[in-house]
Amino acid sequence: MPDSNFAERSQEPVSGAKVIAQALKTQDVEYIFGIVGIPVTEIAIAAQQLGIKYIGMRNEQAACYAASAIGYLTGRPLLVIGGSSERNQETMGAFQEFPQVEACRLYTKFSARPSSIEAIPFVIEKAVRSSIYGRPGACYVDIPADFVNLQVNVNSIKYMERCMSPPVSMAETSAVCTAASVIRNAKQPLLIIGKGAAYAHAEESIKKLVEQYKLPFLPTPMGKGVVPDNHPYCVGAARSRALQFADVIVLFGARLNWILHFGLPPRYQPDVKFIQVDICAEELGNNVKPAVTLLGNINAVTKQLLEELDKTPWQYPPESKWWKTLREKMKSNEAASKELASKKSLPMNYYTVFYHVQEQLPRDCFVVSEGANTMDIGRTVLQNYLPRHRLDAGTFGTMGVGLGFAIAAAMVAKDRSPGQRVICVEGDSAFGFSGMEVETICRYNLPIILLVVNNNGIYQGFDTDTWKEMLKFRDATSVVPPMCLLPNSHYEQVMTAFGGKGYFVQTPEELQKSLRQSLADTTKPSLINIMIEPQATRKAQDFHWLTRSNM
């Protein structure tokens, strides 16, 4: 006899929201960051019912930042799902009607709207696959409002299997041979370790390359920790000198963009030879014609280089003139930084703050940073010892990323490395972009310590007395410089308003005490508002980080 229960199940209806959630679950999506509202609330609820963690944010921008950081930290996709107007209202001026699919094509690797509920699993699988294959990037899936609650027969839905892991590609053997020859013949070699190397989990092979052949290396901001910052072959303290005089530079997942001064003179020698190792073919040859291009997975290509170099015993002489030059510059720069850090005058300067912070940072903590001088100076002082443990404004220099990044890192820490802390170092201006995410941090009780380095302004500000003097006779809109913020703002009260711990500190002793207490208290997040000299700046630079290249 026919199974009546089976017959009933075959007629069971399922909503579009549940199909979306199950398609995401099948593709191994672990986290969703967002803000619920019509028409996506039901999607978030359905996802939670399947065990996907939903983190409700206060701003959609911060939610996207958090999702992008999760993608970087876990290697899983950055997928944006947006609700749009109902299909039968298109062109009528429907609520929030906008050509979202077309608009997103400019900024994503894949952008599509499923033609039916039955097509949703196929579209989501393709979006996930497109996101993680090749150079990773965002993908967009548009969901018409009427799809969310529309119900179809459960048997009409065919879920796609979890997409395969990205294929591992390798460089051409002849190119690897040429690259090894160029490295061997270099008089002043330099390895630059970029964010792509961290994403590719190439830390073991790159560290072996550094140590086996005694090669100096320089990490980009998010390449910090692939090889520990305190490694004897790290020349981060002589960054400008290393870039300016190297004759052969190997780029491991690092782009020749503004962060590396486009690879152009005067930052570099006119005849410097670049060896580019990258997963993205379109990146090869940008701004400078490379001597060798190695297209492929960075970890796999590094292993190819090791095998080729191993064929003939060789190492770069550790007592060479180049190493001597780099060590001397590192020593003088470190001395200059320590001199600034040792100043006893109040308010404190950036270096004093960061040296005291560095003394107490756990070696395995995540460091998130954004701001202008706050991020740039912090990068040179705050050390990273583990790969994928630094997150900052990166290639686009976007402010407002910090709290979203910190929330993502804290979720990963809680789930995969219990006990690890997240230290989020913010300029006071940068903090303002996403400051309300403090409520999100407290709502989920995330292991985050926020440090707001407060100079009362953007780049620079003024003290209270100067502020009052300026406002004596004229309106603030007429006399207050555009970069100024309200002096002595008590940002720590934002944290205490939501139940976390807040500290207002003005001296090194107060900073040390508050950081020690924050690290010891694992039950609540905290915010330390650190007052520094409003006119504080960084030590003199050979080349300014944010200025364009002189061509």
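Overview of the structure.

Calculation criteria
Residues numbered from 1 in each chain as written. Predicted model: local features only at pLDDT ≥ 70, side-chain atom pairs only at ≥ 80, totals over all residues. Heavy atoms only, no water. Axes fitted to C-alpha atoms, helices over the stretch in contact; angles between N-to-C directions. Helix = DSSP H or I, 4+ residues; strand = E, 2+ residues; numbered from the N terminus. Parallel < 35°, antiparallel > 145°, perpendicular 65-115°, else oblique. Left-handed = near helix turned anticlockwise from the far one by under 90°. Contact = heavy atoms within 4.5 Å. Nonpolar A, V, L, I, M, F, W, Y, C, P; charged D, E, K, R; others polar. Expected span 1.5 Å × (residues − 1). Buried < 20%, exposed > 50% of the residue type's maximum accessible area, 1.4 Å probe, protein only. Polar contact = N/O pair within 3.5 Å; in protein donor to acceptor, adjacent residues only side chain to side chain. Pairing = 2+ DSSP bridges. Core = buried A, V, L, I, M, F, W, Y, C linked by side-chain atoms within 4.5 Å.

Here we look at the packing of helix 4 (residues 60-74) against helix 16 (residues 402-416)
A pair of packed helices is captured by two measures, namely the crossing angle of their axes and the spacing between those axes. One way to put it is that helix 4 packs onto helix 16 with a least axis distance of 7 Å and a crossing angle of 45 degrees. With respect to helix 16, the axis of helix 4 lies oblique. Relative to helix 16, helix 4 is oriented so that their crossing is right-handed. Contact residues: helix 4 offers Ala62, Tyr65, Ala66, Ser68, Ala69, Ile70, Leu73 and Thr74, while helix 16 offers Gly404, Phe405, Ala408, Ala409, Val412 and Arg416. By residue class, the composition of the contact of helix 4 with helix 16 is ten nonpolar, three polar and one charged.

Describing helix 12 (residues 298-310)
For helix 12, spanning 13 residues, the distance from its first C-alpha to its last is 18 Å, which sits close to the expected 18 Å at 1.5 Å a residue. Within helix 12, ten of the 13 residues are buried, leaving the element largely enclosed by the surrounding structure. Regarding helix 12, the residues found buried are Ile298, Asn299, Ala300, Val301, Thr302, Gln304, Leu305, Leu306, Glu308 and Leu309. In the core, the buried residues of helix 12 are packed alongside helix 8 (173-184), helix 9 (195-199), helix 10 (203-213), strand 10 (248-252), strand 11 (273-278) and strand 12 (292-295). Here helix 12 starts with a cap whose side-chain oxygen sits 3.0 Å from the backbone nitrogen of Asn299, and that cap is Asn297.

Comments concerning the sheet that holds strand 4 (residues 78-84)
In a beta sheet, neighbouring strands are held together by backbone hydrogen bonds and run either parallel or antiparallel to one another. Taken together, three strands build an open sheet; the order of strands is 4-6-5 and the sheet is parallel. Edge strands, defined here as strands with exactly one partner in the open sheet, are strand 4 and strand 5 (110-112). Taken over all neighbouring pairs, the strand axes of this sheet differ in orientation by 15 degrees on average, direction set aside. By the bridge criterion, seven bridges tie strand 4 to strand 6 (residues 138-144) in an arrangement that is parallel. For Ile81, the partnering residue across the bridge sits in strand 6 and is Val141.

Side note on the nonpolar core
Phe33, Phe252, Leu294, Ile448 and Leu450 are the most contacted members of the largest nonpolar core, which totals 104 residues. A total of ten residues in this core trace back to one element, the largest contributor, which is helix 16. Not counting chain neighbours up to four residues away, the residues in contact with Phe33 comprise Ile55, Met57, Ala63, Ala66, Ala67, Ile70, Ile407, Ala408 and Met411. Grouped together as the second largest cluster of nonpolar side chains are 34 residues, Ala21, Leu79, Val123 and Ile132 included.

Remarks on the sheet that holds strand 9 (residues 217-219)
Spatially, 9-8-10-11-12 is the arrangement adopted by the five strands of the open sheet, whose pairing is parallel. Every other strand in the sheet has two partners, leaving strand 9 and strand 12 as the edge strands with one partner each. Each strand axis lies, on average, 15 degrees off the axis of its neighbour in the sheet, ignoring direction. Packed onto the sheet, helix 10 meets strand 8 (189-193), strand 9 and strand 10 and runs at close to 160 degrees relative to strand 8.

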